[in-house]
Every structure is written in C-alpha cells, then in structure tokens.
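Structural description and commentary
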Amino acid sequence: MLICYIFLGVSLLNSLHDFHVSSCDLNCADKPVFTPSSLMVKYGDPASVNCSVCQNCPSDFGFEIPVGTQRRHGTLISWTIDHLTEWGLFPMCYYAAAGDHQCCSSLEITVYKLPDNVGLNIKGNSWVMSEGQIITLKCSVQNVAPVENLRVTFYSGQRQLGQKQSNSRGRRPVSEMFELNFTPTKEDDGGEFWCEAELLLGSDGPQPPPVEKSQNFPATVFYEPYLSGASHPSPTVLTEGNPLQLNCSAVGNPSPTYTWTGPSGVSPTKSSILIIDSTTTEDKGQYTCFVHNNQGNVTVKFDVDVKRDYTKYYIAAPIGAAVVIFLGVIIYFKYYKNTRMEQYDR
C-alpha cells in the first residue's frame, strides 16, 4: 500500500510540472527576462544565469530546472551549477498570472563537447597510391556535441582537399564518419594527410572555434615522368670538333630510366645527359631520349646539325702555297746554278 501512495505522489508531481510547462504563455507581454538571454557552455564547465520577473508580479514565480542551485533576491532568481553535465535541458522561468494562466520564458542552453578523438584513415589502409587514382579518405569523430555544428576539413599538407558537415541533429554526443573522394597528383607525393573537426558555435561560442586534429600520415604517390630540364633549341647547330651535350632530365616516382638512340644506333649511356666530347659530321642527325617508369613514359627528340670546320682549310692553303713557292725557288736556283756552271766550264 505504501508503494502505491509513493507512486501516486510521484505521478501528481509530474502532472504539476507538466501543467506548468504546458500552460505557460511564452508570448505574454511582461514575461520573465533571462540574463544572459542564452547559454553556451562547454561540457563539465560551470554555468550561471539570472531570471527576473516583473516587480508587480505575484509571489508565485519560479525557475524550473532539475540541476544546480537557486537563490532568490526579491523578484530575481539566480541559478548556478559547478559542472554542467546534463543534456537536453529546457529550463523555464515563470510567474502565475490571473487565474490559472502562467507567463514564462524559456532559456536556450547549448552544451558543447569537443571530440574524444579525431582519426584519419584511408580505404584499403595503404598510404601508397598512384596519380589519377580515386582515393577515399575517412575522418572519424568520436563523441562530439552538438553534431549539427560540426565541420570536418581534409588536408594534404596545407592544401585543403574538401569539407564535410553532418546531416544529423541532436543535443547528445554522437560519433560520425565523414568520407571524401579525391584524386592525388604528383604534388601530394611525400606530403602529409590529416583532417580536423571544428565546432562552429556562432558568435556566442568560443573564438576562434575549437578545433581537434587527427594524426598526420605521410603518403607516397607514384606518377609518370615529366621533363624538369630546360628545353633545347631545334635544331642544335654546332661545328665539328665542338662538344655536344643533350639533356632530357625528368622527375618521376619511381625514378625513371633513360634510353638514347642516335644516328649511330642505341647509345650505351643510361644517363639523362648524352655527351659527345668532340663531334664529327657523322654525329649529325636526330637523337631520341626515351624516359620510362612503371607509371608511364615520355619521349624527347633532338635534331643536331654538325657543320664542317673550313677554318683549317683556310689556314692550310696559304701555308701550302708558301711551301710550294719556297720549294720552287729552291729548285729554280739549284737548276740555274747548275746551268751557269756548265757554261763556265765550256
């Protein structure tokens, strides 16, 4: 029988509380005023608010909230709590008007909680990828509230890849997974990927908005070769005897290999630079550099024109003529001397 009475008493109290809330007029002209008008509180932090009712209001007034401590100073009610850990509070400040009518105001309380953990993962659990491949990044946010104020941003180094926001609603902490598809480029090779969770709580919230970051993950991106050296004029013209140097240096991951072909066939060099110390006219023609790795290849062609060096002929001709004249003079005088001697002998 005692249990029945207890149950009846609890039911009656609940009915009275429901009566207060359900019969409250939130649009009355002289309703109670909260100071501040709303609360933004970090989970576990202290909080306080004042509620004042009109000076001429009846003495039947109050502040309905299940936690904290209340103190009255005339028509002012002060409410404080040392550690706010309740979710979904809808406190009412009210006073009794004529008859059974009640005039009241509700207090908007937002309790926010930073994530317990922010983690980044990748579909397949491998941070080795190829340029042009579609990659799915996964950012998990654990126990955060309110989730509708959450924004997640994905990064490669300092480059922003994209943002996601939750479509969920609710005042209690939840955990969510956010996914982003992106296509890596060679600029992402060696960079670090990470994500951050940011609570956008508006002007009443902390500034700047609180942010929690994931661990950084370095990535390897394979990409086909591309030329890194300066371009060569076409054709390359030089004089025989001068050196020839052709450069087709490229960057790629994995590191590329090089194969050269020229007028004389396949070159034995595997370097990115082909060097001929002293050219001849036989070195004239087209040279091809084939750059290759397992992601792709690039081909570079060089046209080389080797001119004959006629300078040596210009120098040799006068010297040869002088030699011929000198020999002629010697022969002439030798012949003339012999002829004169024969005449004297007669």
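The protein carries the name Hsp90 co-chaperone Cdc37-like in an unreviewed UniProt entry, which gives Sparus aurata as its organism. Recorded in UniProt under Subcellular location (unreviewed entry), the annotation for the protein is "Membrane".

**Here we look at the overall build of the protein**
Across its full length, the protein carries two helices and 28 strands. Relative to its 346 residues, the protein shows a buried fraction of 36%. Within the protein, residue pairs in contact and separated by at least 24 positions form 66% of the contacts whose partners lie at least 6 positions apart.

**Quick notes on the pairing of strand E24 (residues 257–262)**
Along any regular strand the residues' side chains alternate between the sheet's two faces. Burial along E24 is one-sided: Tyr258, Trp260 and Gly262 are buried, while Thr257, Thr259 and Thr261, pointing the other way, are not. One ladder, built from two bridges, connects E24 with strand E25 (residues 265–266); its direction is antiparallel. Within the sheet, the bridge partner assigned to Gly262 lies in E25 and is Gly265. As consecutive antiparallel partners, E24 and E25 are separated by two residues.

**Points about a nonpolar patch on the surface**
The grouping of Leu327, Ile330 and Ile331 at the surface amounts to a nonpolar patch, some 280 Å² of accessible area in total. Along the chain, the position of Ile331 falls in helix H2 (residues 311–345). A relative accessible area of 57% places Ile331 in the exposed class.

**Description of the side chain of Ser105**
With respect to the secondary-structure elements, Ser105 resides in strand E9 (residues 102–106). Of the residues examined, Ser105 reaches a relative accessible area of 7% and is grouped as buried. A polar side-chain atom of Ser105 sits 2.5 Å from the main-chain carbonyl oxygen of Pro32. Ser105 has contacts with Leu26, Lys31, Pro32, Phe34, Pro91, Met92 and Cys93, leaving out every residue within four places of it along the chain.

**Details of the pattern of salt bridges**
This structure, assessed with the given rule, holds six salt bridges. For the salt bridge of Arg159 with Asp188, the shortest nitrogen-to-oxygen distance reads 2.3 Å. On the criterion of sequence distance, the pair formed by Arg159 in strand E15 (residues 159–165) and Asp188 in the loop between strand E16 (174–182) and strand E17 (192–199) is long-range, its members being 29 residues apart. One salt bridge in this structure joins Asp305 and Lys284, with 3.6 Å as the shortest N-O distance. Residue Asp305 is located in strand E28 (residues 296–307), and its partner Lys284 is located in the loop between strand E26 (273–276) and strand E27 (285–293); the two are separated by 21 residues in the primary sequence.

**Description of the packing of aromatic side chains**
Enumeration over the complete set of coordinates arrives at nine aromatic pairs. Between Phe182 and Phe193, the aromatic rings sit 5.5 Å apart at their centres with planes inclined by 50°, giving tilted as the arrangement. Residue Phe182 is found in strand E16, and its partner Phe193 is found in strand E17; the two are separated by eleven residues along the sequence. No difference in accessibility class separates Phe182 from Phe193, as the two residues are buried.

**Overview of the nonpolar core**
One recurring pattern in soluble globular proteins: nonpolar side chains tend to sit buried together. Counting 28 residues, the largest nonpolar core has Leu120, Trp127, Leu137, Leu150, Phe154 and Phe193 as its most contacted members. At the level of secondary structure, the elements contributing two or more residues to this core comprise strand E11 (117–122), strand E13 (135–144), strand E14 (150–156), E16 and E17. Considering every element that reaches this core, the biggest residue donor is E13, with five residues. Membership of the second largest hydrophobic core comes to 26 residues, among which are Val67, Trp79, Tyr95 and Val111.

**Considering the sheet that holds E24**
By definition, the strands of a sheet pair up through backbone hydrogen bonds, in either a parallel or an antiparallel sense. Across the sheet, five strands lie side by side as E21-E28-E27-E24-E25; this open sheet has mixed pairing. The open sheet has two edge strands, strand E21 (236–239) and E25, and neither has a second partner. Of the pairings in the sheet, the one linking E24 to E27 comprises five bridges and is antiparallel in character. Residue pairing in the sheet places Trp260 in a bridge with Cys289 of E27.

**Some words on the environment of Asp309**
Along the polypeptide, Asp309 turns up in the loop between E28 and H2. Sequence separation between Asp309 and Gly241 is 68 residues, and the spatial gap between their C-alpha atoms is 8.0 Å. Discounting chain neighbours no more than four positions away, the residues touching Asp309 are Thr239 and Glu240.

**Remarks on the sheet that holds strand E20 (residues 220–227)**
Strand order in the open sheet made by the three strands is E12-E20-E23, with mixed pairing throughout. Edge positions in the sheet fall to strand E12 (128–130) and strand E23 (250–253), since each of these pairs with one other strand and no more. With strand direction ignored, the average angle separating the axes of adjacent strands in the sheet is 30°. Pairing analysis gives three bridges linking E12 to E20, with the strands arranged parallel. Bridging across to E20, Met129 finds its partner in Val221.

What counts as what
Residues numbered from 1 in each chain as written. Predicted model: local features only at pLDDT ≥ 70, side-chain atom pairs only at ≥ 80, totals over all residues. Heavy atoms only, no water. UniProt positions renumbered as here; feature names shortened; annotations may be inferred. Helix = DSSP H or I, 4+ residues; strand = E, 2+ residues; numbered from the N terminus. Buried < 20%, exposed > 50% of the residue type's maximum accessible area, 1.4 Å probe, protein only. Contact = heavy atoms within 4.5 Å. Pairing = 2+ DSSP bridges. Patch = residues over 30% accessible without salt bridge, like charges linked within 9 Å, V, L, I, M, F, W, Y side chains within 5 Å. Areas by Shrake-Rupley, 256 points an atom, 1.4 Å probe, with all protein chains shown as cover. Salt bridge = Lys/Arg side-chain N within 4 Å of Asp/Glu carboxyl O. Polar contact = N/O pair within 3.5 Å; in protein donor to acceptor, adjacent residues only side chain to side chain. Phe/Tyr/Trp six-rings, centres within 6.5 Å; stacked < 30°, edge-to-face > 60°. Core = buried A, V, L, I, M, F, W, Y, C linked by side-chain atoms within 4.5 Å. Axes fitted to C-alpha atoms, helices over the stretch in contact; angles between N-to-C directions.

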